[in-house]
Amino acid sequence: MTRARTLAQVYRHFGEADAAKASPLYERVAVAISESDEALRAIEAAPVRKRHPTVILAALHDLALAGRAPALAAAYAAADGDAAAGAAIDTLLRMTDSVVAVAVRRPTRVNETGRCAVLYPAIAEAARRVGAHTVGLIDVGCSAGFNLHVDRVGIGYSNGQSLGDPSSPVQMSCSVVGEGPIPARAMPQVVARIGIDLDPVDVTDADEARWLRACLWPDQTEQAARLEAEMALAAAVPPLLLRGDAVEVMSDAFARVPADALPVVTTTWALSRFSLESRLRFLHRLDEAAAGRAVAWVSVEGVGVAPAIPTLGDRRASGHSIIGLAVFDGSSLRAEAVGRCWSQGRLMAWPADS
């Protein structure tokens, strides 16, 4: 009962605090689950680390999208919170094994399009500094590889600047703070798109694409439309996805970039999942690759997370991230912080003197 009460508190807090403003549907569903002893017991059939509301609700959503929970799918489509709550609990009780199987098999996915707004100017700046006319992108922690299409999206900044493709089906916006303008140069041609992830997502696979949809909350219609556009963009030019630990497969990724192109490695909130030792080994891999040609690294990580990138004097756990740019060329390393960003790239500052 102690475990059940603790789980009940987790679901109630998720509904009343996390989902309340963003998803009235999930607010109602989560609170209803918190009040159902039977539903909570069903959730306890999952491993402890897979009982969180974001995981269980995504598993339920996946079953609905797959046509295996039609009542839940209908309630979601109608945005009927009471019906959704009843159908979610019914699905949990009738299909406990299926819900747990989906939750255990798949990690939840968060694909934030704002990352491209930060990456685009930093990649273009890296190419300028090296004098590169073509680049090969290597994204670490790529998930579905959306960052690898940074040159194929349109980006509008609140200061009136724009970058990328204005005709792209994927358009995003970013607020700019401070007086520094965003570098306006265009990215050079991308000749390789390579993603590295322990469990990458192939958007051309129907089951994996459905799971990406399932990780969105059912009443987030704007996000759902953007995800569909992003998946279509990625499916049109599928990147090469390498499965494995970034430190171990990095050399393979570099070998896939043409010799006359600048390899640009990107990490966006990926290194925080690495141990300090692994981060240093990652840095060493970049240095090794630079023995034969220049290599660039664009990082967007929490303050102090990316080794060798200055922190601008900012404090750790300060709530924002540092945009770092490092160029490895032979035995030399030039690393600097070129900006700050907040809210997963939706807000950024590019210092006037960078």
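Shown above is the structure to which this text applies.
Bear in mind that the values here come from a model prediction, so they are computed numbers and not experimental data.

A. Fine view of the overall build of the protein. Across its full length, the protein holds 12 helices and 11 strands. Taken against the 2.2 N^0.38 rule, which gives 20 Å for 354 residues, the C-alpha radius of gyration of the protein at 22 Å falls within 12% of a compact globule. For the protein, the C-alpha atoms occupy an extent of roughly 60 × 40 × 40 Å along the three principal directions. For the protein, buried positions account for 54% of its 354 residues. For the protein, the share of sequence-separated contacts (at least 6 apart) that also reach a separation of at least 24 residues comes to 70%. Side chains of the protein carry 35 positive and 40 negative charges; the gap between the two charge centres is 3 Å.

B. Main features of the packing of aromatic side chains. With the rule as written, the count across this model stands at five aromatic pairs. On the basis of an interplanar angle of 65 degrees and a centroid distance of 6.2 Å, the ring pair of Tyr26 and Tyr76 is categorised as edge-to-face. Within this pair, whereas Tyr26 is found in helix α2 (residues 24–34), its partner Tyr76 is found in helix α5 (residues 70–77), the two being separated by 50 residues in sequence. With relative accessibility at 7%, the residue Tyr76 sits in the buried group. Pairing Tyr26 with Trp217 gives two aromatic rings, centres 5.6 Å apart and planes at 50 degrees, and the pair type is tilted. Pair noted here: Tyr26 is in helix α2 and Trp217 is in the loop between α9 (206–214) and α10 (221–236), with a separation of 191 residues, a long-range link. Note on Tyr26: relative accessible area 1%, which makes it buried.

C. Spotlight on the packing of helix α4 (residues 53–65) against α9. Taken N-terminus to C-terminus, the directions of α4 and α9 make an angle of 125 degrees; their axes are 8 Å apart at the nearest point. One finds that α4 runs oblique with respect to α9. Along this stretch, α4 crosses α9, giving a crossing that reads as right-handed. For the pair α4 and α9, contact is made by Ala58, Ala59, His61, Asp62 and Leu65 and by Arg210, Trp211, Arg213 and Ala214, respectively. Looking at side-chain class alone, the contact of α4 with α9 contains five nonpolar, one polar and three charged residues.

D. Inspection of the nonpolar core at higher detail. Counting 41 residues, the largest nonpolar core has Ile123, Leu137, Val150, Tyr157, Val264 and Met348 as the members making the most contacts within it. A total of 10 residues in this core trace back to one element, the largest contributor, which is helix α8 (residues 114–130). Residues in contact with Val264, not counting those within four places in the same chain, are Ile123, Val135, Gly136, Leu137, Ile138, Ala296 and Val298. In this structure, Leu25, Val55, Ala64 and Met95 belong to the second largest nonpolar core, which totals 40 residues.

E. Up close: empty space enclosed by the protein. A complete count under the given rule lists two cavities of 30 Å³ or more for this structure. In this structure, the largest cavity encloses a volume near 60 Å³. As for the largest cavity, its lining consists of Cys116, Phe146, His149, Val153, Val170, Met172, Glu230, Leu233 and Ala234. Element by element, the count of residues in the lining of the largest cavity is highest for α10, at three residues. Counted by class, the lining of the largest cavity contains seven nonpolar, one polar and one charged residues. The volume enclosed by the second largest cavity comes to roughly 40 Å³. In this structure, the second largest cavity is lined by Ser299, Glu301, Gly302, Gly304, Val305, Ala306, Ile309, Pro310, Ile322 and Gly324. Residue assignment for the lining of the second largest cavity shows that the elements contributing at least two residues are β8 (295–302) and β9 (321–329).

F. Inspection of helix α7 (residues 96–105) at higher detail. Of the residues making up α7, those classed as buried are Thr96, Ser98, Val99, Val100, Val102 and Ala103. Contacts made by the buried residues of α7 are with α3 (37–43), α4, α6 (81–94) and α9.

G. Just the pairing of β8, in detail. Most of β8 sits out of view: seven of its eight residues are buried. Where strand β7 (residues 262–268) and β8 come together, five bridges link them in parallel fashion. By the bridge assignment, Thr268 is partnered in β8 with Val300. The handedness of the β7 to β8 crossover, carried by helix α12 (residues 276–289), is right-handed. Sheet topology note: the β8/β9 ladder contains eight bridges and is antiparallel. From the neighbouring strand, Val298 faces β9, where its bridge partner is Leu325.

About the thresholds
Residues numbered from 1 in each chain as written. Predicted model: local features only at pLDDT ≥ 70, side-chain atom pairs only at ≥ 80, totals over all residues. Heavy atoms only, no water. Helix = DSSP H or I, 4+ residues; strand = E, 2+ residues; numbered from the N terminus. Rg over C-alpha atoms; globule rule 2.2 N^0.38 Å. Buried < 20%, exposed > 50% of the residue type's maximum accessible area, 1.4 Å probe, protein only. Contact = heavy atoms within 4.5 Å. Lys, Arg positive; Asp, Glu negative; His and termini not counted. Charge placed at Lys NZ, Arg CZ, Asp CG, Glu CD. Phe/Tyr/Trp six-rings, centres within 6.5 Å; stacked < 30°, edge-to-face > 60°. Axes fitted to C-alpha atoms, helices over the stretch in contact; angles between N-to-C directions. Parallel < 35°, antiparallel > 145°, perpendicular 65-115°, else oblique. Left-handed = near helix turned anticlockwise from the far one by under 90°. Nonpolar A, V, L, I, M, F, W, Y, C, P; charged D, E, K, R; others polar. Core = buried A, V, L, I, M, F, W, Y, C linked by side-chain atoms within 4.5 Å. 1 Å grid on protein atoms, 1.4 Å probe; cavity = no way out; pocket = protein on both sides within 12 Å on 5 of 7 lines; lining within 4 Å. Points joined across faces, edges and corners; volume = space filled by probe spheres on them. Pairing = 2+ DSSP bridges. Right-handed = clockwise from strand over helix to strand, strands pointing away.

Shape descriptors only; they carry no functional weight alone.
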